Amino acid sequence: MKRHRKQELQNTRKAPVTMTGTLSLPLRIGENAWIRTRHQFFTTSMILKILEVAEDGIKFETCNTIYNLRYETVPAESGVMCA
């Protein structure tokens, strides 16, 4: 019986994606992320790692992609007055 040597996958880089939007649900490893942008609502593939969490965004890795999600900000002076 002939033995085969296992080959490691090389140069399999994940596509980096930077976008502005909001998470609809908290991120959990092993689940999909639900992201809402100004023009669409979509899910990602399964989350493998949460790489960075900041006040203005989050960076996480899925099976296919590394997402850099910057949160949408609302200007402090929106012109709305409350009584």
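Structure: above.
Cut-off values and rules
- Residues numbered from 1 in each chain as written.
- Predicted model: local features only at pLDDT ≥ 70, side-chain atom pairs only at ≥ 80, totals over all residues.
- Heavy atoms only, no water.
- Helix = DSSP H or I, 4+ residues; strand = E, 2+ residues; numbered from the N terminus.
- Buried < 20%, exposed > 50% of the residue type's maximum accessible area, 1.4 Å probe, protein only.
- Contact = heavy atoms within 4.5 Å.
- Areas by Shrake-Rupley, 256 points an atom, 1.4 Å probe, with all protein chains shown as cover.
- Pairing = 2+ DSSP bridges.
- Axes fitted to C-alpha atoms, helices over the stretch in contact; angles between N-to-C directions.

**A few points about the overall build of the protein chain**
Then, in step 1: Each helix and strand counted, the protein chain has zero helices and five strands in total.
Then, in step 2: Ordered by position in the sequence, the α and β elements of the protein chain form the string β-β-β-β-β.
Then, in step 3: Here the protein chain holds 83 residues, and 23% of them are scored as buried.
Then, in step 4: The contacts of the protein chain with a sequence gap of at least 6 include a subset with a gap of at least 24, amounting to 32%.
Then, in step 5: Of the roughly 7,400 Å² of accessible surface on the protein chain, 51% is carried by carbon and sulfur atoms.

**Re the sheet that holds strand 2 (residues 32-36)**
Then, in step 1: In spatial order, the strands read 1-2-3-4-5; together these five strands close into a barrel with mixed pairing. Neighbour-to-neighbour, the strand axes of the sheet open up by a mean angle of 50°, direction not taken into account.
Then, in step 2: Pairing analysis gives five bridges linking strand 4 (residues 57-62) to strand 5 (residues 65-71), with the strands arranged antiparallel. Opposite Lys59, over in strand 5, you have Asn68 as the bridge partner.

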